Amino acid sequence: MKKQTKKILALILSVILLCSVMPFSRISVSAAVHNGNCGEQLNWTLDTETGELSITGTGRMDDYEYIDSSVLNPFSSSDTPWYQFRDTIKTITIADGVTSIGSGAFAVCYNAATISLPDTLEYIGENAFSKSGIVELTLPNNVTEIKVGAFQYCSYLTKIVLSDNIECIEENTFYECNKLTEVQLPKALISIQNNAFYNCTSLSNIIFPETLSNIGESAFRNTAFSEIIIPESVTEIDNEAFWNCKNLTEVTFLNSQTAINPFSFLHANTTLVIKGYLDSTAMNYAQQSARFFSALDEGADPTPVPMNASGFFGAQGDNLKWEINRKTQELIISGKGATPERENNSGTTTGITPSSLFDEGGAKDVPLTTLRVEDGVTRLGNYAFARYGFKNVILANSVTELGYGAFYHNSNLANITLSNKLKSIDSITFEYCTALTSITIPGSVSTIEDSAFVYCENLKTVVMEEGVERIDMYAFGQCGKLESITIPVSVNYIDRLAFWGDKFHNNKSLKIYGYEGSYAQSFAGTVSYTHLRAHETLRHL
């Protein structure tokens, strides 16, 4: 029994000794290699020591979910099987036989500077290389589709040669590739869609192919071009396509009928010369935008001539139109019906004009001071003029409705004449109109809705005419400089928080004016603000 035990112990010691002398590097190499499937017939292998990710096999790659960063989620992420090792990936090699790169496949691979693509590749999915470390790339000629955002936020990308068989560069494809200096466009290209090269701030030269038909909204916004030639094949240039191209001094149009949005070249260099044919859309654009114009016609004097413009104009929905008068610095809305609704953002909108025409300090290229809404217009839609820079607003008596946030965050708005047929003032209609010091609310308004004038921090005087019935919660919240509020007998409800806010609590000079026995007197006497006492603040009208 003792001999058998000794044999067992000797065997165990031998195994331990053998393990102790095995080369450590072999164990390390094994632990550094990871692999798995990424398609029905595709496999991936990653060597974290060398930093090489290899894709092998035949057919299409799986699509993966890519989640971009946001305020609530500050980190971008993807559910690719190699995501946890993404920081170790330096080189991506895709073998011959692979036909597609899945959505989000190499997103957030920040250190992947080198990509090798096979001739069999045909398709690149959405966000496939978003926020990757690519520096230069040439796409094989079999590639026919690149989907939305495929290379967006590739902040190291300097050069890309696109396949000649690609017909469309989709939205956001190269969004914010701010080191991109060289792009070779496809010979078969037909469409460049919205934001395709938005914020490619180093891109200073490009040659458009003679197959190109349209250039989308903000497609080359904030690029560094100095000169561009728009081929004869181009039929349309959309809103803000070359917005804020500060270096752009010359644009040549070879098609006399190209449709040019009035804001296509807004905020370009002030010396911008438009070259085109006499009586062409290019000449009309130069006239409308007060640019220099140079004629291409044979025998015509090519010397750039300054064009004078009385203003911009355009359609506003089916039944309305807008016009900008340069001399009076007015935006005029006319026609019949309601303006379209807008969303509350400072980017592209569906409202009267692009929000980029204005900023909180007023228009830049077109300094506007006044909005005039003419007779026939019945409603200003939600956020219709949010974040615009008007100082004065004049509403015709045909206006019966102001949509939610219609004048939200108009920090320059000092004077407004409301329609005497206005039915109500919707929520946050005048929120953050910090230049507004007084307002008269016509008796046609039955309700001042919640937060209608919240954060109008310099509002001192409010006069409500007979007919107003209701003042809702926070209607004048945080209006800390209010000195005088006139409330008619017709008011039968004032929310106890109608004038809520710390700034309001500290305002000792506020006086409420109304009638004896009115709801206004009752409110002034019972509201829990200690400095509001009926015998001190209520006066007879």
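Because the structure is predicted, anything quoted here is derived from the model rather than measured. Numbers given to residues run from 1 along each chain, matching the order in which its sequence is written. Since the coordinates come from a predicted model, pLDDT governs what is reported: local features require at least 70, and pairs of side-chain atoms require 80 or more to be given and counted, while whole-chain, interface and lining totals use all residues. Side-chain numbers come from the whole structure's heavy atoms, not from hydrogens or water.

1. Quick look at the pattern of salt bridges
- A pairing counts as a salt bridge when a side-chain nitrogen of Lys or Arg comes within 4 Å of a carboxyl oxygen of Asp or Glu. The tally for this structure, following the rule as stated, stands at 9 salt bridges.
- In this structure, the salt-bridge partner of glutamate 170 is lysine 147, at a minimum N-O distance of 2.9 Å. Taken together, the residues glutamate 170 in the loop between strand S13 (168-169) and strand S14 (182-184) and lysine 147 in the loop between strand S11 (145-146) and strand S12 (159-161) connect sequence positions 23 residues apart. No difference in accessibility class separates glutamate 170 from lysine 147, as the two residues are buried.
- In this structure, glutamate 240 and arginine 221 form a salt bridge, with 2.9 Å as the shortest nitrogen-oxygen distance. Numbering of helices and strands runs from the N terminus; a helix is a DSSP stretch of H or I covering at least four residues, while a strand is a stretch of E covering at least two. Think of it in three bands: with a 1.4 Å probe and only protein chains considered, a residue is buried below 20% of the maximum accessible area for its type, exposed above 50%, and partly exposed in between.

2. So, the sheet that holds strand S16 (residues 214-215)
- In this description, strands pair whenever DSSP reports at least two bridges between them. An order of S13-S15-S16-S18-S20 is seen for the 5 strands of this open sheet, with the pairing classed as parallel. Across the chains shown, the open sheet's two edge strands, defined by having one partner strand only, are S13 and strand S20 (259-260).
- Pairing geometry for S13 and strand S15 (residues 191-192), over 2 bridges, is parallel. Of the residues in S15, the one forming a bridge with isoleucine 169 is isoleucine 192.

3. With respect to the environment of threonine 99
- Along the chain, the position of threonine 99 falls in the loop between strand S6 (91-94) and strand S7 (100-101).
- Separated by 43 residues in sequence, threonine 99 and asparagine 142 have C-alpha atoms that sit 9.2 Å apart.
- Each residue touching threonine 99, except ones within four places of it in the same chain, is listed here: Gly59, Arg60, Thr120, Leu121, Glu122 and Tyr123.
- Whenever two N or O atoms come within 3.5 Å, that pair is a polar contact, provided that in protein one can donate a hydrogen and the other can accept it, and provided that, for residues adjacent in sequence, both atoms are side-chain atoms. A distance of 3.5 Å separates a polar side-chain atom of threonine 99 from the backbone nitrogen of arginine 60. Contacts are assigned to residue pairs with any non-hydrogen atoms lying within 4.5 Å of each other.

4. Quick look at the sheet that holds strand S9 (residues 123-124)
- Pairing within the open sheet is parallel, and its 3 strands lie in the order S7-S9-S11. Looking at strand neighbours, the two that pair on one side only are S7 and S11, the edges of this open sheet.
- When S7 meets S9, the two strands line up parallel, connected through 2 bridges. Residue pairing across strands places serine 100 opposite tyrosine 123, the latter belonging to S9.

5. Points about the side chain of asparagine 222
- Looking at where asparagine 222 falls in the secondary structure, it is placed in the loop between S16 and strand S17 (227-230).
- A relative accessible area of 16% means that asparagine 222 is categorised as buried.
- At a separation of 2.9 Å, a polar atom in the side chain of asparagine 222 contacts the side chain of asparagine 244.
- Setting aside residues no more than four positions away along its own chain, asparagine 222 makes contact with Tyr198, Asn199, Cys200, Thr201, Trp243, Asn244 and Cys245.

6. Considerations on the nonpolar core
- Grouping buried Ala, Val, Leu, Ile, Met, Phe, Trp, Tyr and Cys residues that are joined through side-chain atoms within 4.5 Å yields what is termed a nonpolar core. In this structure, Phe106, Phe151, Phe197, Phe242 and Phe265 are the most contacted members of the largest nonpolar core, which totals 77 residues.
- For this core, the elements supplying multiple residues, two or more each, are strand S2 (42-47), strand S3 (52-57), S6, S17, strand S19 (250-253), helix H3 (281-288) and strand S22 (292-295).
- With sequence-adjacent residues up to four places away left out, phenylalanine 151 is seen in contact with Ile124, Phe129, Ile134, Leu137, Leu139, Ile146, Ile160, Thr173, Phe174 and Cys177.

7. Digging into the pairing of strand S38 (residues 461-464)
- Burial along S38 is one-sided: the face carrying Val462 and Met464 is buried and the face carrying Thr461 and Val463 is not.
- Pairing geometry for strand S36 (residues 438-441) and S38, over 4 bridges, is parallel. Residue pairing for S38: isoleucine 441 is matched across the bridge by methionine 464.
- When S38 meets strand S40 (residues 484-486), the two strands line up parallel, connected through 3 bridges. The partner of valine 463 across the bridge, within S40, is threonine 486.

8. Quick word on the environment of leucine 296
- Position of leucine 296 relative to the elements: it lies in the loop between S22 and strand S23 (305-306).
- Each C-alpha atom, one on leucine 296 and one on leucine 254, is 8.6 Å from the other, the two residues being 42 residues apart in sequence.
- Each residue touching leucine 296, except ones within four places of it in the same chain, is listed here: Thr252, Phe253, Leu254, Lys275, Gly276 and Tyr277.

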